[in-house]
Structure formats: C-alpha cells, structure tokens
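Here is how the chains run, residue by residue.
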Amino acid sequence: MTNTIQISNTGPQNFEEILDNLGGFGRFQILILILLLFFEIPSAYIVFIQIFAGIPPKFWNCDGEVVDKVGACGCNGTLEAPSTSIVAEWHLICESAWIPDFITSIQMAGMLFGNLYATQTSDWYGRKYSTFSTILVCALGSAVAAVAPNPYIYAVARFFCGAGFSGYLSISAIYTIEFMPTKWRMLCGAVGPFGEATMSLALIAYYIPTWRYLTWATMTPLLLTPLIFPFVPESPRWLLQKGKTDDLVKVLTYIAKINKCPPIELETIEKIVAKANPTRKPTDVKEPRLNFFDFAKSKNKEIRMKAICLMAIFFAFSIIYFGLSFNIKNMNGNLYWNLVFLGFVDSVGFKMAIFVMGR
C-alpha cells in the first residue's frame, strides 16, 4: 500500500491540511460517523435497561391472595410475582428494597472507573482497540447480567456494563473527532443516535417486559461488532503523535481511497510526523507513558485549571442527567412515555447544539 505514495517536496504543512487534501468532510468521514456512533444505540439500551429491571411489581401473590407491596411485606406464606424484574424474581422488597437502587449506584461507580481506564488505555494503546474493548466489556457485562442467579452477580455485571458504557462514550468522542476537519468536529458529539435509542428502548421494553429477555434483546446490535471492526482504522492523529509513520501512511491511503482523492506524498507525511515529534529519535523504541499523575504535576497551570473546571461541569451535568433518568420510574405518568420524552429531549438538545457550537 505504501508503494502508491510518491515522494515530493510540496504538499500540506500540517495534519489539518492533510485532511483538507483528502477531501475534507467526505465519504470516509460519513462512514466513520455511522460505524462508530452506531454503538450509541446498544450503549443507551445497556445503561438504561436498569430502569425496567428495577421496577417493583404493583401486586404480589401471597398463598393465592393478591396483595400490594405493604401486604407482601407481611406475607408469612409463599410470595410470588411474575419475574418481569429483578425485584420480583429475587423478592427485593421490604428490608431488601434498597438493593435495586444500590445496584444502579454500583453501575455509576463502574462508569467512573470506565472513564479513567478507557481514556488512559486509549492514549497508551490507541483509539481503535480501546474503543472496541469497551464494547466487548459492555457485551460481557450484559451477558452475565442476563444469566445472573442472584443480585450479587448481577451487581458485578452492572458494574462492568457501566464501565464499558462510559469508556465507550469517552473514547468515541475523541476517536471520531480525530478523523474530522476542524469545521466539522461538532458533528461528532451531536449527531449520534443516543436519544433515539433511548426512545426505542421504551418500545422494546413494552413488548418484552421480562428483564432477562429484554437484556438479551437489547444486546443484539453488538453482534455487528465483528463486521464493523475491520472497516474502522486507527486514529491518524494518534499515529501521528506516536510517530508511527508506516501505519499512518496506510490509514491516510485508506481515507484517500474512500474519498476518491489522490494519496498524500510520503515525504510530506514524514515531515509532518517529524514536526509533531521534534524530540523523538529514530532509534527510540519506547517512550514514557504519561498518566493522570503527570497531568497533575504539569507546569501548565492554565490547561490544568481549564480541565478541572470542565470536569466539574461535566460531573454536575452527569448527576442531574442520570439522577433524573434513573428516577424516571418514580415519576408520575406512564413510564414508557416518560422514557420516550427523555430520549426526545436528549435527541433534540444534541442536534440543536450543531447550530451553537463553533459560533
């Protein structure tokens, strides 16, 4: 593939100009948005399925007598209810009523862990394998949750679901942006189908009320992962920063082929790689791996302060957003329509951001 690249002294002077020469926002960019943001659909299913899995039954059967939640707590005989939720299947009421919400908290703890490990590994090992590893974690967590024999195994599975979910969202935002010309970067965080997936979850849950079957059903989009993986290349910006010239040439040639543009000349790529890595020597095999502690010790106080402020904003946003989302089962009105409205607001809000960002 590298043999198709010609050597010349002219061409783009930086990576942004490389993308412009390769068609700017072309067919490849549209393809990468579709392939990578597609996983927002199962991600929304996986994170919000706990809303339905944790619903307590309105009525129970106590030795043939229909009772409400209060009566169920006083039942001295055999207590039964249709196993449409973990509450009904494992009798998580009365003194055990706190467990479903605590499992949701465990899932949120997994989201915190996922943010930390995924962003770190994506810097060390690349965006592609880190992104698809988070998708694999989501799949394994959901599969274990679907067959969990008790609340303890289920809670562990939900932790991994949360880790995979937040890890995917964190990396996918960076991953897609790194293929985009500057003018089009705002699309990466705005055009994803997360809100639409949230709305469709309400419809799926309405027709598949049993939580185990619902878990399996909402995992089915992940079966497309092996088909998508070969068509998604490594981030060219990550390869550029790591000085991986050969791999970068392959990715840029792939982009040029799909966008039907002439490939970038080898000498141009080598110059841009050298400019991006001025301290790297040809004999360098390994470089020090930076982590969060290196960021904390950075002498650039301005960037560190901006990062802390953004993290605080996102932390506050997450508390409000997920607090409302997971508490939707306790709100007045129809649960399914409430979830549809939540997804609709989510969808419209993100799409409207396209007209605000960059101004």
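The structure we're discussing is the one just above.
Bear in mind that the values here come from a model prediction, so they are computed numbers and not experimental data. (Residues numbered from 1 in each chain as written. Predicted model: local features only at pLDDT ≥ 70, side-chain atom pairs only at ≥ 80, totals over all residues. Heavy atoms only, no water.)

J.: Sorry if this is basic, but what is going on with the packing of aromatic side chains here?
T.: Each aromatic ring pair is specified by the distance between its two centres and by the angle formed by the two planes. Here the structure, examined in full by the defined rule, presents 31 aromatic pairs. For the pair tyrosine 206 and tyrosine 336, a centre-to-centre distance of 5.4 Å together with 90° between the ring planes defines the contact as edge-to-face. With tyrosine 206 in helix α9 (residues 194-207) and tyrosine 336 in helix α17 (residues 335-352), this pair connects stretches of sequence that are 130 residues apart. Judged by its relative accessible area of 25%, tyrosine 336 falls in the partly exposed class. Seen in terms of ring centroids, tyrosine 321 and phenylalanine 322 are 5.1 Å apart; in terms of plane orientation they differ by 80°. Their pairing is edge-to-face. Take tyrosine 321: its relative accessible area is 16%, and that puts it in the buried class. Grouping aromatic residues by their ring pairs yields a cluster made of Phe48, Phe165, Phe194, Phe314, Phe317, Tyr321, Phe322 and Phe326. Here the basic side chain of lysine 128 rests over the ring of phenylalanine 229, its NZ or CZ set 4.2 Å away from the ring centre. (Phe/Tyr/Trp six-rings, centres within 6.5 Å; stacked < 30°, edge-to-face > 60°. Helix = DSSP H or I, 4+ residues; strand = E, 2+ residues; numbered from the N terminus. Buried < 20%, exposed > 50% of the residue type's maximum accessible area, 1.4 Å probe, protein only. Lys NZ or Arg CZ within 6 Å of the ring centre and 35° of its normal.)

J.: How should the pattern of salt bridges be read in this particular structure?
T.: Proximity of charged atoms lets side chains of opposite charge pair with each other. Taken as a whole and judged by the stated rule, the model has eight salt bridges. Residue glutamate 178 pairs with arginine 127 through a salt bridge whose shortest N-O separation is 2.9 Å. With glutamate 178 in the loop between α8 (151-177) and α9 and arginine 127 in helix α7 (residues 127-147), this residue pair connects regions lying 51 residues apart in the sequence. Classification of glutamate 178 as buried rests on a relative accessible area of 9%. Arginine 127 gets classed as buried once you look at its relative accessible area, which sits at 8%. Two residues, lysine 271 and glutamate 267, come together in a salt bridge whose shortest N-O distance is 3.7 Å. On the criterion of helical spacing, the pair formed by lysine 271 and glutamate 267 is a turn pair, its members being four residues apart in helix α14 (residues 266-276). (Salt bridge = Lys/Arg side-chain N within 4 Å of Asp/Glu carboxyl O.)

J.: What should I look at first to understand the environment of threonine 131 in this one?
T.: Within the element layout of this structure, threonine 131 appears in helix α7. In this structure, the C-alpha to C-alpha distance between threonine 131 and isoleucine 171, residues 40 residues apart in sequence, is 6.1 Å. In this structure threonine 131 touches Tyr168, Ile171 and Tyr175, once residues within four positions along its chain are discounted. (Contact = heavy atoms within 4.5 Å.)

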